Each structure stands twice: as C-alpha cells, then as structure tokens.
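Geometric and topological summary
Chain by chain, the residues:
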Amino acid sequence: MNPLSDRINNLSTSQTLAMAALARELKAQGKDIISLSLGEPDFNTPDFVKEAAKKAIDENYSTYTPVEGYLELKEAICRKFKRDNNLEYKPSQIVVSTGAKQSLYNIAQVMLNEGDEVILPAPYWVSYFEIIKLSGGTPVEVPTSVETDFKITPEQLEAAITPKTKMMWFSSPCNPSGSVYNREELTALAKVLEKYPNIYVVSDEIYEHINFSGTFCSIGSIPGMLERTITVNGVAKAFAMTGWRIGYIGGPEFIAKACTKIQGQVTSGANSIAQRATIAAVDADPSVLKHMVDAFHSRRDLVVGLLKEIPGVKINVPEGAFYVFPDVSSFFGKTLKGTEIKDATDFSMYLLAEANVATVTGDAFGNPNCIRFSYATSEDLLKEALRRIKEAVTTTEVLA
C-alpha cells in the first residue's frame, strides 16, 4: 500500500528543475555540461538593492511580517503598477508572496473548484498545468506554433470557452517562447472575453522588463479588464533576485483577501529582509536594468542566428524573456548518431548525452515539437553550446 496521497502521486515533477538537477549531477561526475535549462539571470542583484537589504538588517527587520506584505512595499508596488503598466491598484489589492510561484498557487487555490476549466495557451510555463490540476481545475490547452509566434488568436480563445471555463492563464513575455502580446492583440482577446464576464484572467508579467519590442502592455490596462484580471509579477527575473523569493499580485480586492487568508495558513508573510530590498527594486526606474536587457537582446540575436544555421531547426525571433523555443520536429523518426529520436524528450536527452548541453523538452510546456533553451549565460558558452548542438545533429539517418 502506498502511504502517499493521490494528490502527490498524480503530481508531475518540474521538468526544468529535474533537468537542471541532472545537469548538476553530471557536472559533479566531471562531465563538461553546459546547462541552458534553468531560467535564471546570470547577473548579480543590483548593488542598490543589496544595500537596502543590509540597511534592513541593521534596522532589525527581523520579526514576522504582515501576511500580505509590508504596507510600504505594497504602496511601492502600487506606484510601480501605475508607472509601468497603467494599472490603478490600492494597497488592499496587493499580496506579496514567497515568489511568483506561490502567488500563482494562491490564486488557483482560492479561485478554482473541482472541474473548473482554465484555458492555457500552449506553450505555457511548466508549473501552470500542475498548479491548476493540484487545485482541482482542468487545464484546457490551446495549441500554437512557431509560425504564429506561439500566440493564440481570438478565434482560438472563443473556441476553447465552455460553460465550465473559469479562467485563462498566460504569460507575456512568455516562458518558454519569449512571445510578447502587443496592445492590439490583447485588445482582440479582451473583445472575446467581454462576452463572458465570469471568466477571470491571470496575466503573468514577471519578464515584462526583459522585452525587446520597445513597448509593453498589461491586459489589465485594456478597458473593462482590470476588475477581472489578476496581474502576477515579481523581482526574480528583471532584478536578478531569483533567490530572494519575492512575488506579488494585484487584483480585485476580494481575491487579494482570499489569497491573504490561504497564505496565512501556509507560509504567512514573506521574508522581511527580502521585502525591504524589494521596495528599492520596484521603486527604481526601469532604466537601471538597461545593461541586463541589452545583454539579453544581444544574446537573443546571437542564438537565433546560430540556430538558423542548423539544418532542420525551425526558429522564430522571440521578443522578450531569455528563451528560444525552436521546433525540432524534423528530427523525429530519424537517428542521430545511432540514437532513435521519437519526440522532443528524446531530442533533449540526446543533446545532453551527445553534446553535453542541457535543454528542456517542449512536452513540459505543452508543445511536443519544441525544446527550450535559456540564453541567460555568457556569449562564449552560448557559442560553444550551439557549436556542439550543430555537430551533434548534422549526421542523420532515416529509421527503417
């Protein structure tokens, strides 16, 4: 008899974390692994943020924090939402959590009942599917492709809606595709949602500042959408603060109160020092991030250019985040140096074994034709990784 719950037995392991762990294990064995699997900036947290944390330590911010976050941080987040996103929130509509992942989990737990459907434009971030499932919801995947820049159309959204639809979750810029929805595209989706006033939207905007398109639009800023949108953000990606574990939401007050209620029974308030440091981060002008964004932009161009030189790889030009999501389906049904490639998982594992490059299968993101590369590493390592990949896939044989 298995003493573990059905809940945990039915939960999938995060494939991004699993691949990163495997890469670390192989490195520990002495293998020269280049890991492009984790979505983590390779920059240091800005000095002014670290100074704010040191100041907080000296000022003895060492006691329990309010469950929903320090008032000063929530006020700073409101200013940030207004400045960057044209979103009007009050502090009572903000909840600070231990990372944006907890923010998403809180939302699912307080919004979803058994059988409620959640529309997921695919590809989607790996944890959306499992968080929704864990909360009793039913993920409804809407497929996209490299030809459409991995964006859903209004017609696809309309076709996916049923009487059971409760929410739609998406990210822009998107993890894993790097796609960025512009105002016109979001307005068209909002027009569809106008007809279904009981559907709520989760807009994950944690990559908003790593954006090469020149503009950014929050769907909550589209007329009629603010009161039915939960905007999720955090400081992990743009401010290179992944280990600080601070995420936050802005949304309808009744949802914020519900998220505070569940968080109060699970983790209570987020880390005190990290919260004080986050005040400095969100109050800063986004121009302080320019050096990081410029570096990611240069790496994007480098990686896309090198991928285009590999026969059989189909790639678009992502406009944000720090990922590329090439379609590698042309290799399915072939052998690569004696290894049969049936799907994207086989392809990803082949690259790890043959090229010593860790990537993540697109199956984890709801798109079985692709794999994800993170280019959050140096240009020298990216050049070497792409050289190895090209060498590993240049000789193919059709399976008998």
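Since the structure is predicted, the reported quantities are computational estimates derived from the model, not experimental observations.

1. Regarding the sheet that holds strand β7 (residues 229–234)
Strand order in the open sheet formed by seven strands is β2-β8-β7-β6-β5-β3-β4, and the pairing between neighbours is mixed. The outermost strands of the open sheet, each flanked by one partner alone, are β2 (94–97) and β4 (138–143). Put simply, the sheet's adjacent strands are angled 20° from each other on average, direction ignored. Across four bridges, the pairing between β7 and strand β8 (residues 247–250) is antiparallel. Considered in β8, the bridge of Asn233 is made with Tyr248. Across the face of the sheet, helix α4 (residues 71–85) comes into contact with β2, β7 and β8 while running at roughly 115° to β2.

2. Remarks on the packing of helix α11 (residues 290–308) against helix α13 (residues 379–393)
The N-to-C vectors of α11 and α13 enclose an angle of 15°; their axes lie 10 Å apart at closest approach. Put simply, α11 runs roughly parallel to α13. The two elements α11 and α13 cross, and the hand of that crossing is right-handed. Across from Ser298, Arg299, Leu302, Val303, Leu306 and Leu307 in α11, the residues of α13 making contact are Glu379, Leu382, Lys383 and Leu386. Each residue belonging to the contact of α11 with α13 can be placed in one class, and the counts come to six nonpolar, one polar and three charged.

3. Brief notes about the domain arrangement of the protein
Domain boundaries assigned for the protein yield domain 1 (6–44 + 289–394) and domain 2 (47–285). Between domain 1 and domain 2, the contact holds 37 residues from the first and 35 residues from the second. For the pairing of domain 1 and domain 2, the buried interface totals around 2,900 Å² over both sides, and the portion due to carbon and sulfur atoms is 62%. Viewed at the interface, domain 2 and domain 1 are joined by one salt bridge. The partner of Glu147 in a salt bridge is Lys314, and the shortest N-O contact between them spans 3.0 Å. Linking domain 1 with domain 2 are 14 residue pairs in polar contact (both at pLDDT 80 or more), by the criterion used here. Only α2 (15–28), α11 and β9 (323–324) provide two or more residues apiece to the side of domain 1 that touches domain 2. Per element, the largest residue contribution to the side of domain 1 that touches domain 2 is five residues, and it comes from α11.

4. Comments concerning the pairing of β8
Residues Gly247 and Ile249 of β8 are buried on one face, and the alternating residues Tyr248 and Gly250, pointing to the opposite face, are buried as well. Judged from the four bridges that link them, β2 and β8 form a sheet pairing that is antiparallel. Bridge pairing in β8 links Ile94 to Gly250.

5. Some words on the UniProt feature "domain: Aminotransferase class I/classII large" (unreviewed entry) in the protein
When the UniProt feature table is mapped onto this chain numbering, "domain: Aminotransferase class I/classII large" (unreviewed entry) sits at residues 31–389. Its end C-alpha atoms 16 Å apart, residues 31–389 is made of 38% helix and 16% strand.

6. Describing the environment of Asp346
Checked against the element boundaries, Asp346 lands in helix α12 (residues 344–355). Separated by 14 residues in sequence, Asp346 and Phe332 have C-alpha atoms that sit 8.8 Å apart. Setting aside anything within four residues of it in sequence, one finds Asp346 in contact with Glu340 and Ile341.

7. Quick look at helix α8 (residues 183–194)
Between its first and last C-alpha, α8 extends 16 Å over 12 residues, near the 16 Å set by a 1.5 Å rise per residue. Restricting attention to buried positions, one finds in α8 the residues Leu186, Leu189, Ala190, Val192 and Leu193. Angularly, the buried residues of α8 cover 155° about the axis, an arc narrow enough to put them on a single face. Opposite the buried face of α8, at more than 90 degrees from it, the exposed residues are Glu184, Lys191 and Glu194. Buried-residue contacts for α8 involve α7 (154–160), β5 (165–171) and β6 (200–204).

8. Here's the deal with the sheet that holds β9
Taken in spatial order, the three strands make up an open sheet running β9-β14-β13, and their pairing is antiparallel. Of all strands in the sheet, those with a lone pairing partner are β9 and β13 (360–361), marking the two edges. Of the pairings in the sheet, the one linking β9 to strand β14 (residues 371–374) comprises two bridges and is antiparallel in character. By the bridge assignment for β14, Val324 is matched with Phe373.

Criteria and thresholds
Residues numbered from 1 in each chain as written. Predicted model: local features only at pLDDT ≥ 70, side-chain atom pairs only at ≥ 80, totals over all residues. Heavy atoms only, no water. Pairing = 2+ DSSP bridges. Helix = DSSP H or I, 4+ residues; strand = E, 2+ residues; numbered from the N terminus. Axes fitted to C-alpha atoms, helices over the stretch in contact; angles between N-to-C directions. Contact = heavy atoms within 4.5 Å. Parallel < 35°, antiparallel > 145°, perpendicular 65-115°, else oblique. Left-handed = near helix turned anticlockwise from the far one by under 90°. Nonpolar A, V, L, I, M, F, W, Y, C, P; charged D, E, K, R; others polar. Domains from an automatic or database assignment. Buried area = accessible area lost by both parts, 1.4 Å probe. Salt bridge = Lys/Arg side-chain N within 4 Å of Asp/Glu carboxyl O. Polar contact = N/O pair within 3.5 Å; in protein donor to acceptor, adjacent residues only side chain to side chain. Buried < 20%, exposed > 50% of the residue type's maximum accessible area, 1.4 Å probe, protein only. UniProt positions renumbered as here; feature names shortened; annotations may be inferred. Expected span 1.5 Å × (residues − 1). Arc of directions from axis to C-beta.

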